[in-house]
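Observations on the three-dimensional arrangement
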Amino acid sequence: MLKIDIPTAPSSPTWRTLASFIREQVQTCLQRVLEEEVEELLGRGLDARFESRILPLCQRRTPDVAKLLPELYLHGLSSGDFTLALRGLLGDGAPLSASSVQRLTEDWQRDSAQWRRQDLSTLEPVYVWADGINVKAGLESTKTALLVLIAALADGTKVVLAVESGHRESAESWAEILRDLPARGFRAPACVVGDGALGLWNAVGWVWPHVAEQRCWNHTLRNVGDAVPLKHQPDVEAAVQTIAAAASVADAERERQRFPKACERLDRDWARMLTYYQFPKEHWRHLRTTNVVESPFAAVRLRTTAAKRFKKVERATAIIWHLLQVAEQRFRKLNAPDQCRDVYRGVRYADGVEVPVVSSTEKAAA
């Protein structure tokens, strides 16, 4: 009788291997169940678990930390102290060596240079505030001012227009900045607000001869107060504030006549002090001062002595530019932003109230 042997498949379990086979199957099942629970908990599969939701791929620093670095640098923290100062925040492995901080400042210089070349033709400017900030750089032989322009747009938002270093606040330095704006498509605003520096007003007259000019009342208040004895300063400041708060041009004139001695210095630039009456009353508080520029610079002004470490003004300018870019995200809109659109369209105002447009037929009938 012929005997036929049927070979057993190698993969088929036998009684000798059945225990290990069952053990392997149970382990595989448990592993699959655990993987599913982990995926459900984390919301992503195994292949995506090495990508952080806090930091983008290959990025070792959060945006908030990147914003913090220039502020600490201006506070006076040297580049070599960053790792120690931020160890508690980022852990012992914080990638903040002196060389990485140096690379960051170089990146800011490159980014600021690119920002200065961007197209401005899409902006709809209404007002522009201009002010100069003194920058102390250790190896610079000449006194340098940081010239800053901030614009309000037709939707009521504010944007930084220019951050440039110039020799003091000369007319030539301001004119160079102002001429660059139209070259990049920027249209002339309805009004420029600035301090009493003649260099600025001369430059505005050269570049934008038909734009209204408003002088900052806060600068005027300080100048008038400095011109009188200390004991009279409170009365003088109160008089100037009363004039600035007048409801109309006529009321401002009457208040000025009531205090001739205290306010005689106002005569030097009186017409430029009252320009804001030509615009909506809701915008007066914004137009009377250059606080739009000075507010984000309040902290920077207190830290300018730290900038003595800068060997070049360009480096200080780039860091301060970066701070302004961060501050720009928190700029609040102007009051009554809908009226910014009216000003942009050319609507005229007298004592803060819109002047009705008179047609040619109505003029003929009159």
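As the structure is a computational prediction, the values presented were derived from the model and not from experiment.

**Here's the deal with the overall build of the chain**
The helix and strand inventory of the chain stands at 16 helices and seven strands. In the chain, which comprises 366 residues, the share counted as buried stands at 41%. For the chain, long-range pairs separated by at least 24 residues make up 66% of all intrachain contacts whose partners lie at least 6 apart in sequence. Carbon and sulfur atoms make up 53% of the accessible area of the chain, which amounts to about 21400 Å² in all.

**Considerations on the packing of helix H6 (residues 171–183) against helix H7 (residues 198–207)**
Interaxial distance between H6 and H7 falls to 8 Å at its minimum, and their mutual angle equals 35 degrees. As H6 runs across H7, the sense of the crossing is right-handed. Of the residues in H7, those touching H6 at Ala171, Trp174, Ala175, Leu178, Arg179 and Pro182 are Gly199, Leu200, Asn202, Ala203, Val204, Trp206 and Val207. Along the lines of polarity and charge, the residues of the contact of H6 with H7 split into ten nonpolar, two polar and one charged.

**Things to note about the nonpolar core**
Residues Tyr127, Trp129, Trp217, Trp270 and Phe297 are the most contacted members of the largest nonpolar core, which totals 46 residues. Contact partners of tryptophan 217, with chain neighbours within four places excluded, come to Val240, Ile243, Ala244, Trp270, Met273, Leu274, Tyr276, Arg288 and Thr289.

**Some thoughts on a negative patch on the surface**
A surface patch of like charges, here negative, comprises Glu36, Glu37, Glu39 and Glu40. Within the fold, glutamate 40 resides in helix H1 (residues 18–42).

**Considering the side chain of threonine 220**
Among the secondary structure elements, threonine 220 is positioned in helix H8 (residues 217–226). Each residue touching threonine 220, except ones within four places of it in the same chain, is listed here: Arg215, Leu266 and Met273.

**Details of the confidence of the model for the chain**
Detailed reading of the predicted coordinates is not advisable wherever pLDDT falls low. In the predicted model, the chain carries a mean pLDDT of 77, and 67% of its residues have values of at least 70. Residue range residues 302–307 is modelled with pLDDT below 50. Its contacts to residues more than four positions away, or to other chains, number 13 contacts.

**Remarks on helix H15 (residues 337–345)**
Those residues of H15 not exposed but buried are Gln339, Cys340, Asp342 and Val343. Along the axis of H15, the buried positions cluster into a sector of 160 degrees, meaning they face one direction only. Turned more than 90 degrees away from the buried face of H15 sit Asp338 and Arg345, all of them exposed. Directly after H15, the chain includes glycine 346, whose backbone phi takes a positive value near 100 degrees.

**Details of the packing of aromatic side chains**
Inspection of the entire model under this criterion finds seven aromatic pairs. On the basis of an interplanar angle of 55 degrees and a centroid distance of 5.9 Å, the ring pair of tryptophan 115 and tryptophan 321 is categorised as tilted. In this pair, tryptophan 115 is assigned in helix H5 (residues 98–115) and tryptophan 321 in helix H14 (residues 313–328), connecting sequence segments 206 residues apart. What links up through ring pairs into an aromatic cluster is the set Tyr127, Trp129 and Phe279.

**Quick word on the environment of valine 347**
Counting through the fold element by element, valine 347 comes out in the loop between H15 and strand S6 (349–350). In this structure the C-alpha to C-alpha distance between valine 347 and phenylalanine 279, which are 68 residues apart in sequence, comes to 8.9 Å. Setting aside residues no more than four positions away along its own chain, valine 347 makes contact with Asp342 and Glu354.

**A word on the pairing of strand S5 (residues 212–215)**
Residues Ala212 and Gln214 line one face of S5 and the alternating positions Glu213 and Arg215 line the opposite face, and both faces are buried. Of the strand pairs in this sheet, strand S4 (residues 191–194) and S5 are connected by four bridges, and their pairing is parallel. Bridging across to S5, valine 193 finds its partner in glutamine 214. Once you follow S4 into H7 and on to S5, the crossover reads as right-handed.

**Details of the layout of surface pockets**
If you add up the space inside the second largest pocket, you get close to 290 Å³. Ala190, Phe279, Gly346, Val347 and Arg348 are the residues nearest the centre of the second largest pocket, which is lined by 15 residues in total. A class-by-class count of the residues in the lining of the second largest pocket yields eleven nonpolar, three polar and one charged.

**So, the pattern of salt bridges**
One pass over the structure, following the stated rule, counts ten salt bridges. In this structure, the salt-bridge partner of arginine 116 is glutamate 164, at a minimum N-O distance of 2.8 Å. Here arginine 116 is found in the loop between H5 and strand S1 (125–135), whereas its partner glutamate 164 is found in strand S3 (residues 158–167), with 48 residues between them in sequence. Glutamate 164 gets classed as partly exposed once you look at its relative accessible area, which sits at 25%. A salt bridge links arginine 215 to aspartate 269; the nearest nitrogen and oxygen atoms lie 3.5 Å apart.

How each quantity is defined
- Residues numbered from 1 in each chain as written.
- Predicted model: local features only at pLDDT ≥ 70, side-chain atom pairs only at ≥ 80, totals over all residues.
- Heavy atoms only, no water.
- Helix = DSSP H or I, 4+ residues; strand = E, 2+ residues; numbered from the N terminus.
- Buried < 20%, exposed > 50% of the residue type's maximum accessible area, 1.4 Å probe, protein only.
- Contact = heavy atoms within 4.5 Å.
- Areas by Shrake-Rupley, 256 points an atom, 1.4 Å probe, with all protein chains shown as cover.
- Axes fitted to C-alpha atoms, helices over the stretch in contact; angles between N-to-C directions.
- Left-handed = near helix turned anticlockwise from the far one by under 90°.
- Nonpolar A, V, L, I, M, F, W, Y, C, P; charged D, E, K, R; others polar.
- Core = buried A, V, L, I, M, F, W, Y, C linked by side-chain atoms within 4.5 Å.
- Patch = residues over 30% accessible without salt bridge, like charges linked within 9 Å, V, L, I, M, F, W, Y side chains within 5 Å.
- Salt bridge = Lys/Arg side-chain N within 4 Å of Asp/Glu carboxyl O.
- Lys, Arg positive; Asp, Glu negative; His and termini not counted.
- Charge placed at Lys NZ, Arg CZ, Asp CG, Glu CD.
- pLDDT = per-residue confidence, 0-100.
- Arc of directions from axis to C-beta.
- Phe/Tyr/Trp six-rings, centres within 6.5 Å; stacked < 30°, edge-to-face > 60°.
- Pairing = 2+ DSSP bridges.
- Right-handed = clockwise from strand over helix to strand, strands pointing away.
- 1 Å grid on protein atoms, 1.4 Å probe; cavity = no way out; pocket = protein on both sides within 12 Å on 5 of 7 lines; lining within 4 Å.
- Points joined across faces, edges and corners; volume = space filled by probe spheres on them.

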